Amino acid sequence: MFAPIAAACELTVPPGHHRKIGVVGAGAIVQVGHLPAYRKAGLPIAAICDLRQDLAKEVADRFDVPRVAGLDELLEDPEIEVLDIAVVPEAQPEIARRALRAGKHILAQKPLAVDSDTARGIVELAAELDRKLVVNQQMRYGEGIAAARAIADAGWLGELTSVTIDVNIATDWSAWGWLVTSPRLDLMYHSIHYFDSIRSILGTPQRVFCAAGRRPGQLATGETRTTTTLLYDDGRSALVNVNHENVTGDHYARLRIDGSKGSVRGTIGLLYDYPHGRPDTLEVNSIALPTDGWVPYPVTTRWIPDAFAGPMRALLAAIADDTPAPTSGADSLGTLRLVEACYASIASGSAQALPAP
């Protein structure tokens, strides 16, 4: 029964799609996500660069990357066709523009830019230069979300009515100094994953209402508690409720999708003891099959590191045969505009309409 669902979660990369990859950035997420996933997928990493050359050397040695190079060297190397950019958001746009002009295809970190106007300019430049641009919204490719979406697409839940993501955890922001001082936090750098995943299931909402807050005495400058309602003109809705400042230890991270003929429910395993976490869990209850109660789907991979192969797999497929990438630069604009609408809703205290694509 689950064979076609598992097939929709495939993360392997056909050897014919392999291209030499240069990695820009050697920080924590590259070490726990990008490089372990690429090594498991057998992808050829040609070189890595970082402002801290000693860190780049240490990471290169650990992951058998053959060369530490400067950014200019990566851009000028004709054998490197793909750049995986994993730097702070403010630095990414200029690196992306330089890479596109150097003829590289790009996997960019999310968000593509800190505002949608800048991001749109990068998307337009990629189209003008006929280069592929994919954004690393890897939660879409995590097996919990991918399987839930495949179950919905198979019609097992009937007509979808709602998606709920409810997260109550303790996040240690000190690992990312730039995030600690960022005036924007959860929505731009965390819940953006949930918004993107919901868009992959329900599409882009027409309106959004968001409220945000902080815990007194918290380390981070930006918002760490948010409640967001996504509203669709046909009556569907989604709720994303997130608290990063749970001080009592009873952490949870839950997902639920409801429809006219059934539901999917589960947990987001990564958020239990991040970044190691545990596998997602997923169950389906459907009168369309029927399932005779809740039936577990056997999740076998993890968001970190396994799902990080997904965006790169999509980019390489787009390069090889023009297969549309789910998290293309153009599609990612919809997620970034949703985040911006959330901040506008917080500022105004009212629901915000999303701009037309």
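Residue numbers run consecutively from 1 along every chain, following the written order of its sequence. Predicted model: local features are reported for residues with pLDDT of at least 70 only, side-chain atom pairs are reported and counted for 80 or more only, and whole-chain, interface and lining totals are derived from all residues. Side-chain descriptors were evaluated using all non-hydrogen atoms of the structure, hydrogens and water having been removed beforehand.

Draft legend 1. View of helix 3 (residues 53-62). For the exposure calls, accessible area comes from a 1.4 Å probe over protein chains only, and a residue counts as buried if that area is under 20% of its type's maximum, exposed if over 50%, partly exposed in between. Secondary structure elements are defined from DSSP: runs of H or I of at least 4 residues count as helices, runs of E of at least 2 residues count as strands, and each element is numbered from the N terminus. Among the residues of helix 3, Leu-55, Ala-56, Val-59 and Ala-60 are the ones counted as buried. End-on, the buried residues of helix 3 take up no more than an arc of 135°, which puts them together on one face. The secondary structure elements touched by the buried residues of helix 3 are helix 2 (28-41) and strand 2 (45-49). To obtain the arc, one takes the directions from the helix axis to the C-beta atoms. Residues are treated as being in contact if the distance between any of their heavy atoms lies within 4.5 Å.

Draft legend 2. Molecular detail of the sheet that holds strand 11 (residues 262-267). Paired strands are those between which DSSP finds at least two bridges. Spatially, nine strands are ordered 13-12-11-10-6-9-8-7-14 in an open sheet, and the strand pairing comes out mixed. In this open sheet, the two edge strands, each paired with only one partner strand, are strand 13 (295-296) and strand 14 (352-353). When strand 6 (residues 160-168) meets strand 9 (residues 237-243), the two strands line up parallel, connected through seven bridges. If you follow Asn-168 over to strand 9, its bridge partner there is Asn-243. To obtain each axis, a line is fitted to C-alpha atoms, and for helices this fit is confined to the stretch in contact; angles are then taken between N-to-C directions over 0 to 180 degrees. Across the sheet, helix 7 (residues 143-153) touches strand 6, strand 10 (252-259), strand 11 and strand 12 (281-286), and the angle it forms with strand 12 is around 15°.

Draft legend 3. Structural context of the packing of aromatic side chains. Pairing of aromatic side chains here covers Phe, Tyr and the six-membered ring of Trp, requires ring centres within 6.5 Å, and sorts the geometry by plane angle: under 30 degrees stacked, over 60 edge-to-face, intermediate tilted. Scanning the entire structure with this criterion turns up five aromatic pairs. The interplanar angle of 55° and the centroid separation of 6.1 Å between the aromatic rings of Trp-176 and Tyr-274 together place this pair among those described as tilted. Taken together, the residues Trp-176 in the loop between strand 6 and helix 8 (177-180) and Tyr-274 in the loop between strand 11 and strand 12 connect sequence positions 98 residues apart. Tyr-274 sits in the partly exposed class, given a relative accessible area of 36%. One aromatic cluster is present, built from ring pairs that chain together Phe-2, Trp-156 and Tyr-297. A cation sits over an aromatic face here: Arg-236 above Tyr-232, 4.7 Å from the ring centre. Cation over ring: Arg-278 sits above Tyr-272, and NZ or CZ is 3.7 Å from the ring centre. Look at NZ for Lys and CZ for Arg. If either is within 6 Å of the ring centre and within 35 degrees of the ring normal, a charge sits over the ring.

Draft legend 4. Looking closely at the pattern of salt bridges. Between Lys or Arg on one side and Asp or Glu on the other, a salt bridge is scored when a side-chain nitrogen of the former is within 4 Å of a carboxyl oxygen of the latter. Across all of its chains, the model carries 21 salt bridges by this definition. With its nearest N and O atoms 2.4 Å apart, the salt bridge here joins Asp-322 to Lys-132. With a gap of 190 residues between them, Asp-322 in the loop between helix 11 (309-321) and helix 12 (329-348) and Lys-132 in the loop between helix 6 (116-128) and strand 5 (133-135) connect regions that are remote in the sequence. The partner of Arg-256 in a salt bridge is Asp-258, and the shortest N-O contact between them spans 2.8 Å. With a relative accessible area of 33%, Arg-256 lands in the partly exposed category.

Draft legend 5. Layout of the sheet that holds strand 3 (residues 82-85). The five strands are arranged 2-1-3-4-5 in an open sheet whose pairing can be described as parallel. Strand pairing shows two members of the sheet lacking a second neighbour, strand 2 and strand 5, which therefore form its edges. The mean angle between the axes of side-by-side strands here comes to 15°, regardless of whether they run parallel or antiparallel. Bridge count between strand 4 (residues 105-108) and strand 5: three bridges; the pairing is parallel. Along strand 5, the bridge assignment pairs Ala-108 with Val-135.

Draft legend 6. Layout of the packing of helix 5 (residues 92-101) against helix 6. At their nearest, the axes of helix 5 and helix 6 sit 10 Å apart, and the two run at 10° to each other. When the axes of helix 5 and helix 6 are compared, the pair comes out roughly parallel. Between helix 5 and helix 6, the contacting residues are Pro-93, Ala-96, Arg-97, Leu-100 and Arg-101 on the first element and Thr-118, Ile-122, Leu-125 and Ala-126 on the second. Residues are sorted three ways: Asp, Glu, Lys and Arg are charged, Ala, Val, Leu, Ile, Met, Phe, Trp, Tyr, Cys and Pro are nonpolar, and all the rest, Gly among them, are polar. For the contact of helix 5 with helix 6, the residue count by class is six nonpolar, one polar and two charged. Roughly parallel refers to an angle under 35 degrees, roughly antiparallel to one over 145, roughly perpendicular to one between 65 and 115, and oblique to any angle outside these ranges.

Draft legend 7. View of helix 10 (residues 191-202). End to end, helix 10 covers 16 Å across twelve residues, agreeing with the expected 16 Å (1.5 Å per residue, within 8%). Burial analysis of helix 10 places twelve of its twelve residues in the buried class, which makes it a mostly covered element. Gly-203 sits one or two positions beyond helix 10 and adopts a positive phi of about 90°. Expected helix span is taken as 1.5 Å per residue step, with the number of steps being one fewer than the number of residues.

Draft legend 8. Region of interest: the state of the cysteines. When two cysteine sulfur atoms are found within 2.5 Å, that pair is recorded as a disulfide. According to the stated counting rule, one finds zero disulfides in the structure shown. There is no disulfide at Cys-342, and the cysteine sulfur nearest it, in Cys-210, is 4.5 Å away.

Draft legend 9. Spatial organisation of the packing of helix 6 against helix 12. Where helix 6 meets helix 12, the closest approach of the two axes is 10 Å, and the angle between their N-to-C directions is 175°. Comparing their axes, helix 12 and helix 6 come out roughly antiparallel. Of helix 12, the residues touching helix 6 (which contributes Ser-116, Ala-119, Arg-120 and Val-123) are Gly-329, Ala-330, Leu-333, Leu-336, Arg-337 and Glu-340. Here the contact of helix 6 with helix 12 is built from residues that sort into five nonpolar, two polar and three charged.

Keep in mind these values describe shape, not function.
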